[in-house]
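Here is how the chains run, residue by residue.
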Amino acid sequence: MANQPVGGLAPTLRLSAMPRRLLLPLLLAHGVVVLLIAALAFSSLVDSRRSYEQRAQAAAASRASELSLLVSAELRRVDLALQTLQERLREPLDEPALDALLNRQRALLPELDSLRVADADGRVHGPGASQAGAGVSNADRDYFQQARDLPARLAVSEPKLSRISGQWGFTLARRLERRDGSFAGVVFATLQSAHFERLFAAVRLEPQDSIALRSASVRLIARHVRNGGPPAPLGDNQVSDELRRSLAAQPDEGQYRVHTVSDGIDRFFGYRRIPLSGQYMVVGLASEGYLAPWREQAWLTLGLAAMALLALGASGVAGVRAWRNEAGLARRLDEAKATYQDLYDNAPCGYHSLDPEGRYLFVNNTELGWLGCRREELIGRLGPADFFTPEGQALFKAQFPRFLAEGEIHDVEVELLSRDGTRRRVSISATALRDEQGRILSSRSVLFDITELNQARQALRALSSEQSVMLDNELVGIVKFKGGRVVWLNRAVQHMLGYDEQQILGQDGQLAFADADSFGHQVAQARAALQAGHAYRSELQVRRKDGATLWLAVHGALLSPQSGESLWILVDISALKQQQAQIEHLAGHDALTGLPNRRLLDDRLRQALAQSQRDGRTLAVAMLDLDGFKPVNDRLGHAAGDQVLVQIARRIQQCLRAVDTVCRVGGDEFVLVLPGVAKDGEEILQRVLASIRQPIDLGAQWGSVQLSASLGYALYPQDGSGATELLRLADQTMYRVKTGGRGGIRRHAG
Ligand SMILES: Nc1nc2c(ncn2[C@@H]2O[C@H](COP(=O)(O)OP(=O)(O)OP(=O)(O)O)[C@@H](O)[C@H]2O)c(=O)[nH]1
């Protein structure tokens, strides 16, 4: 099963997918908007251009109409003149009169190239006619024939090159009739193309606009293009097909658009037929001029569209960058999510979220491992309480109301029982997530495995209790000093010293010492050792509260140089000391009689010698051997012999002074050391022998015995100077007594 998303992080992390999903629609939307703007701009421009074109065509038609009126007015004036002449010439005039009449009329029409009359044969009359073309017949001219054949109408010629002036123009003519109505010729006026060209030049035009006057058969009469262009092919009837088609459909007026062949310029044309002459006024407005505002508008529109597209492009780029950034952010968020998921799942603690019924919503891998379950076995089905031991469940029940009330619990310790029966002690802390009404929606918990901690804690507890027992024992005193004052002590110390705790706390320890000097001496020694980093060991004889003394083995160590705390262990070694004394006593004394033995004799004798050497007084060393002791043993037994020895020893002691020493050095041999004897000390020795000779009562079992002793002695410094020598001399002397009959006393005699 795939890892579930980390509970609280999941909603945030899911946002990261949104920009990626939206990118394509966003780009498409950008594309649509771009197309829309382009389409709008295009459509606007097309509409606008069409409008400009329509306006151009309308303007062309309008201009054509205006100019046709202008030309028509010109022609009408000429026609009026022709009609006037028509009337006046009903009566034949002689040449001079005719010339005068024509001149008067011509003076009124300066635009005319010529105003003449042709007789019925076509011969021209009038001013300048004879010079210009005498004898020439105009009877072949179209206007002549028209005027002759159509009496009521103004005859209009096709454009022609004047035979007289050599200029292009056309002729208007009227029939002349005599009074009887017979044909008398024609009166005709010629207008030069140049006149119309000048007329047209006065019209305000754009540079490439054109104005043309064409005959009824569309031959070019006059043409004006403001900025010139190729020479006009006057008299030519080469026109565009569009014009011909338009004229076929609309002979009086119309519009069309065409690419002018002669100068290659695109124009909107309007034409208007001049009713009087049947000629056509054709005005061409160059698209370049007429569409100039549209072009400006087009540029403006295109500029705005371009700016809009740029802005859109920029926003698109920014959007893509933002997406990239967001994609990067999403990737980082995904990585962070993976990291957190990993942390969540593999954290060294258990995490879970529960629904309000206490069932798992989320659980991490660590906790799953603890429970020995798969995630799908738990989610929505079981809760952690299902894995608690009965004690844990009881604790959970007890804690749950508090959790509901406070919304959190901390460090509740329970035991989890995994599927395989493994017990694991965990510490649970949980917080509740509530809705606005305060109802619990879910809870989040963290569980720490404290199995080892608990074991350590139990071990520590056991150790602590062991330590308490140890510390609280009655035998080993433990006391802690800080700053030279007792800050803690155990009961053993109280028992040892006979003080209660409060009497010792805060004291410096002097109360256990007999005097301030010995205390000060100990403190100085201990301080020196501790400051040198050593433990301090010593055996001290201290004084109890009741005045009794006891021996303590003291072991002190500095706990912390910074705090100056030291711990002291006190062991009551009074009994040990006593035993030591006994052992030492035994080592130096005879076990049966309690008298010093030979080992101690050496010390005592040397001490006595030294003393005698110092004070110059006489030292007597005597060797005493019982007489007939063996028979006591033999007769009464060894035990009786022992009793005899004990009593003899006591008697000797009783005879001696405190400064004297009696040692048992053999079975029934004794050495007596008598320092500072007056004369030779024999008096004391005699008293000893007398004491020995008294009957010895051995009780009902053995009765009494009576013994004597032989004693030989030597004096220091008179007889010898060293201990060995004195002993040897005394021994030799005693043997002499023995051999001399026993039971006597004798001094070594040189
Ligand atoms: N009961 C007893 N007898 C001991 C002890 N030490 C030695 N003896 C005995 O003391 C006796 C000493 O021998 P001797 O000195 O020859 O005995 P004596 O009978 O006094 O002889 P003289 O010195 O020659 O008079 C021996 O029999 C030892 O066995 C002891 O501690 N207790």
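Scroll up to find the structure.
About the criteria used
- Residues numbered from 1 in each chain as written.
- Predicted model: local features only at pLDDT ≥ 70, side-chain atom pairs only at ≥ 80, totals over all residues.
- Heavy atoms only, no water.
- Helix = DSSP H or I, 4+ residues; strand = E, 2+ residues; numbered from the N terminus.
- Contact = heavy atoms within 4.5 Å.
- Areas by Shrake-Rupley, 256 points an atom, 1.4 Å probe, with all protein chains shown as cover.
- Salt bridge = Lys/Arg side-chain N within 4 Å of Asp/Glu carboxyl O.
- Buried < 20%, exposed > 50% of the residue type's maximum accessible area, 1.4 Å probe, protein only.
- Axes fitted to C-alpha atoms, helices over the stretch in contact; angles between N-to-C directions.
- Parallel < 35°, antiparallel > 145°, perpendicular 65-115°, else oblique.
- Nonpolar A, V, L, I, M, F, W, Y, C, P; charged D, E, K, R; others polar.
- Core = buried A, V, L, I, M, F, W, Y, C linked by side-chain atoms within 4.5 Å.
- Pairing = 2+ DSSP bridges.
- Near = heavy atom within 4 Å.
- Polar contact = N/O pair within 3.5 Å; in protein donor to acceptor, adjacent residues only side chain to side chain.
- Expected span 1.5 Å × (residues − 1).
- Arc of directions from axis to C-beta.
- Patch = residues over 30% accessible without salt bridge, like charges linked within 9 Å, V, L, I, M, F, W, Y side chains within 5 Å.
- Phe/Tyr/Trp six-rings, centres within 6.5 Å; stacked < 30°, edge-to-face > 60°.
- Lys NZ or Arg CZ within 6 Å of the ring centre and 35° of its normal.

We now examine the overall build of the protein. Helix and strand content of the protein: 23 helices and 28 strands. Across the protein, every contact between residues at least 6 apart in sequence was considered, and the portion connecting residues at least 24 apart equals 52%. Carbon together with sulfur atoms contributes 54% to the accessible area of the protein, which is approximately 39,200 Å² in total.

Its location among the elements puts T260 in the loop between β9 (253-259) and β10 (266-273). Taking the C-alpha atoms as reference points, T260 and S240, separated by 20 residues in sequence, lie 7.7 Å from one another.

Per the stated rule, a full pass over the model turns up 36 salt bridges. In this structure, R219 and E158 form a salt bridge, with 3.8 Å as the shortest nitrogen-oxygen distance. Here R219, found in the loop between β7 (210-214) and β8 (220-225), pairs with E158, found in the loop between β3 (155-156) and β4 (160-161); they are 61 residues apart in sequence, far enough to count as distant. R219 gets classed as partly exposed once you look at its relative accessible area, which sits at 30%. The partner of E376 in a salt bridge is R374, and the shortest N-O contact between them spans 3.1 Å. Given the relative accessible area of 34%, E376 is considered partly exposed. Via salt bridges that share partners, R374, E376, E377 and R419 belong to a single interconnected network.

A few words on the environment of L471. Within the secondary structure, L471 sits in helix α13 (residues 451-471). For L471, a relative accessible area of 31% gives the class partly exposed. Remark: the alpha-carbon pair of L471 and A492, spanning 21 residues in sequence, is separated by 8.4 Å. Apart from residues no more than four positions distant in its own chain, L471 is found in contact with I478, W488 and N490.

Relative orientation of the contacting elements helix α19 (residues 629-636) and helix α20 (residues 638-655) amounts to 140°, with a least axis distance of 6 Å. What the angle tells us is that α19 and α20 run oblique. Across the interface between the two elements, F629, V632, N633 and L636 from α19 touch H638, A640, G641, V644 and L645 from α20. Residues belonging to the contact of α19 with α20 are distributed by class as follows: 6 nonpolar, 3 polar and no charged.

The biggest cluster of nonpolar side chains holds 41 residues, and the ones touching the most others in it are V71, L75, F170, L172, F196, F200 and L213. Per-element tally for this core: the top contributor is helix α2 (residues 18-88), with 10 residues. Counting residues in hydrophobic clusters, the runner-up holds 35 residues, among them A640, L656, L711 and Y713.

It is worth spelling out the sheet that holds strand β20 (residues 549-560) at this point. Spatial ordering of the open sheet is given by β18-β17-β21-β20-β19, a layout of 5 strands whose pairing is antiparallel. Edge positions in the sheet fall to β18 (485-489) and β19 (536-543), since each of these pairs with one other strand and no more. Strand-to-strand, the axes of this sheet are offset by a mean angle of 35°, without reference to chain direction. Here β19 runs beside β20; their pairing, made up of 8 bridges, is antiparallel. When the bridges of β20 are listed, R543 appears paired with T549.

For the rest of this paragraph, the subject is the site of the ligand. In the vicinity of the ligand, 17 residues are found, and the nearest of them are N633, D642, R664, K738 and R742. Within the backbone of H638, one N or O atom sits 3.0 Å away from a nitrogen atom of the ligand. One of the side-chain nitrogen or oxygen atoms of D642 is found 2.9 Å away from a nitrogen atom of the ligand. Residues that form the shell around the ligand fall into these classes: 4 nonpolar, 5 polar and 8 charged.

The end-to-end C-alpha distance of helix α3 (residues 95-108) is 20 Å, a good match for the 20 Å that 14 residues give at a rise of 1.5 Å each. For α3, the set of buried residues is L98, L101, L102 and Q105. The buried residues of α3 all sit within an arc of 95° when viewed along its axis, so they share a single face. What points out from α3, more than 90 degrees from its buried face, is the exposed set P96 and A107. Here α3 starts with a cap whose side-chain oxygen sits 2.9 Å from the backbone nitrogen of A97, and that cap is D94.

Glancing now at a nonpolar patch on the surface. A cluster of nonpolar side chains, L300, L304 and M307, forms an exposed patch at the surface whose accessible area comes to about 340 Å². By the secondary structure assignment, L300 is in helix α9 (residues 292-346). Look at L300 and you get exposed, because its relative accessible area is 56%.

With an omega dihedral of 5°, the bond running from Y716 to P717 counts as a cis peptide bond. Counting through the fold element by element, P717 comes out in the loop between β27 (708-716) and α23 (723-739). In this structure, D411 takes a positive phi of about 55° despite not being glycine. The residue D411 is located in strand β14 (residues 408-417) in this model. Residue D411 is classed as exposed on the basis of its relative accessible area of 53%.

All right, on to the packing of aromatic side chains then. Under the criterion given, the structure shown has 13 aromatic pairs. Note on Y271 and Y280: the rings are 6.2 Å apart at their centroids and 75° apart in plane angle, and the pair reads as edge-to-face. Considered together, Y271 and Y280 belong to a single accessibility category, that of buried residues. Here the aromatic cluster, defined as three or more aromatic residues joined through ring pairs, consists of Y256, F269, Y271 and Y280. Over the ring of W551 we find K577, and its NZ or CZ is 4.3 Å from the ring centre.

A regular strand carries its side chains on alternate faces of the sheet. Counting buried residues along strand β6 (residues 183-192), 10 of its 10 residues qualify, which places the element largely inside the surrounding structure. Pairing geometry for strand β1 (residues 112-119) and β6, over 7 bridges, is antiparallel. Each residue of the ladder has a partner; that of V117, found in β6, is V187. Two elements, strand β5 (residues 168-177) and β6, share 9 bridges in a ladder whose sense is antiparallel. Within β6, the position partnered with E177 by the bridge is F183. Here β5 folds back onto β6, and the loop between the two strands holds 5 residues, one of which, G181, carries a positive phi near 90°.

Right, let's get into the side chain of R424. Within the secondary structure, R424 is located in strand β15 (residues 423-434). One polar contact links R424 to D449, side chain to side chain, over a distance of 2.7 Å. Ignoring anything within four residues of it in the chain, the contact list for R424 reads W370, V414, E415, L416, D449 and T451.

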